[in-house]
Every structure is written in structure tokens, then in C-alpha cells.
Amino acid sequence: MTSYKDNSRKLKMYYWYIDERENHKNKGIVLHGIVTGHVNIADSTFIHTSRVQNTYINKDEHELIVETKNSVYHCPLAYCEFAKQDEREDLVPDYAQIKDTYSGKIKPPVIEAGNVLLVMSNFDSHHFHSLYCKPVGEFEPLSYHVTASSDTFHDNFCVKTNDSRIDLRFFQHFQNIEFSMQETDEMPLYIENIGDIPLYIKTSYGILELLPDQRKLVNRENTRCRDMTMTLPTSSLFSADL
């Protein structure tokens, strides 16, 4: 089974911005965002780095490269938090051009009417990226809201349409999620992984394995063993909400 504790993975930062910390032991310019590919910190964790020493644009990869004393972070330009970066646009090279080119370019995946699409990744908080559903005969996709909470054992997450027709709830674990509710108003549920590592999802049918850039219908044919403890990864990495 593939695990994301892999020293060969590129260290990346999503939903990133750079600012200057003045009242902190790491006083100076720092990078903030959701990290992936770190050898000691779990994917989907929001962090800030140590002091930034150098930045430059890799146009071929559409990334900002941020160098600290011990690490090199690859920051996809389309995932800049432009509203926050606007406050210190001087800290990003060619910022005006980057904003004009990449702002608003991230479009959530969609699916045919009459289906529910849950989009997940290893670079989003709680692995949740977006939900899309346009019921047959309706002109607009359903609006939704999300809530998150934590207890001693789990990070609990809920995505629910405003009309309550769709109600999806799950617990977040290491590299996987476990559904506690799958209400879709009898519409087929698809899950898509837009991240760069496999995700494992415990559904009412069994374990669904999703490779990067893979979309699957949640049904018995697409799932594996129902014994979650035997098939899902475990980790010594820090938890997702440090």
C-alpha cells in the first residue's frame, strides 16, 4: 500500500501567502499555507515556515519557489491566497502579473445532472475540496455549507446542501476518511481525488481506493475489504490539526 511518508516527494504549499512576522521568535518573512510532502508533518496541515531566504518563479512549472534555511517549497501559483497576499504584494516577484494570470483559475470539477460529486485531495483541510450536484430538471447546482469539529479521537467534518438533500459526514484519519453518513437523496455518489497521493475512503459498501486524478462511483463493485483496520494506512506523523 502506498504511503505518503516518502522522502522523494516534492515539498509543496497550497493556499499560500507570504508575510512578515514582527513579534515572534522567527521574526522575519515567512511562508504560510497547507503543506504536502513533508517528512514529519501530515499532508493537509496548515503551517508557517521558518524565515524565507529566497523566492523566484518557475514559469515552466507555474510555481513560486520559496527557500528557507533547510527546505525548498513549491507553491502552485493558482493556489495563492491573493486576498491575503495583496497586503504584502512586494514579497512575491512579479506579483501583479501572477495575480492577473492565475487569480480565479481554479475551477472545481463538475458532473452530469442527477449525480453527486465529492472532490477530495491531500492538500485541502480535512481532505475536502468541493461538492457539486445539479439535480435533474434544475438549472443551478445546489448550494452547500461545511462544518468541522474535533473531539478526543476524531476530526469530524460535515458537508450539507442548504436544502438538506445531501448530507455527507466523515472522520479524518491519516491519508483516509471514514464516512459516518452518506445521504444523497438517492442520487449516485462519486468521489474524485485531485491530489497527488492515493486516498482511502471507508464507505457503507467497503473501502474505496482512489489514485491521484481518479474518480469512482461509490458502490460495492468499486470497493474492497470492509475491515478498515487491515487495509488503511497508519502513521507516526503529526495529526492533521497541529
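Structural data are supplied above this passage.
Keep in mind it's a predicted model, so treat the numbers as computed, not measured. (Residues numbered from 1 in each chain as written. Predicted model: local features only at pLDDT ≥ 70, side-chain atom pairs only at ≥ 80, totals over all residues. Heavy atoms only, no water.)

Regarding the nonpolar core
Stated precisely, the cut-off is as follows: Side-chain atoms within 4.5 Å link the members of a nonpolar core, which is a set of buried Ala, Val, Leu, Ile, Met, Phe, Trp, Tyr and Cys residues. We call a residue buried when its accessible area falls under 20% of the maximum for its residue type, exposed when it is over 50%, and partly exposed in between, using a 1.4 Å probe and counting protein chains only. Here a strand is any run of E in DSSP of at least two residues, a helix any run of H or I of at least four, and the numbering for each starts at the N terminus. Contacts between residues were defined by any pair of non-hydrogen atoms, one from each residue, lying within 4.5 Å.
In this structure, Leu118 and Ile191 are the most contacted members of the largest nonpolar core, which totals 22 residues. Residue assignment for this core shows that the elements contributing at least two residues are strand E7 (116-120), strand E8 (128-133), strand E10 (155-161), strand E11 (167-173), strand E12 (176-183), strand E13 (189-193), strand E14 (199-202) and strand E15 (207-210). Discounting residues that sit within four places of it in the chain, Ile191 has contacts with Leu117, Leu118, Met120, Phe179, Ile201, Leu208, Leu210, Gln214, Arg215, Lys216 and Val218. With 21 residues, the next largest nonpolar core counts Val35, Ile41, Tyr73 and Phe82 among its residues.

With respect to the sheet that holds E8
Applicable threshold: We treat two strands as partners when DSSP finds at least two bridges between them. Angles run from 0 to 180 degrees between N-to-C directions of axes, and those axes are lines fitted to C-alpha atoms, restricted for helices to the stretch in contact.
With respect to topology, four strands assemble into an open sheet ordered E8-E7-E13-E16, the strand pairing being mixed. Bordering the open sheet on either side are E8 and strand E16 (214-217), each of which pairs with just one other strand. Taking each pair of neighbouring strands and ignoring which way they run, the sheet shows an average axis angle of 15 degrees. Of the strand pairs in this sheet, E7 and E8 are connected by five bridges, and their pairing is antiparallel. Pairing of Met120 across the sheet is with Phe128, part of E8.

Describing unusual backbone geometry
A positive phi angle is found at His126, which is not glycine, with a value near 60 degrees. Within the secondary structure, His126 sits in the loop between E7 and E8. By relative accessible area, His126 is classed as buried at 8%. Phi at Glu186 is positive, roughly 65 degrees, even though this residue is not glycine. By secondary structure assignment, the location of Glu186 is in the loop between E12 and E13. Residue Glu186 is classed as exposed on the basis of its relative accessible area, which comes to 81%.

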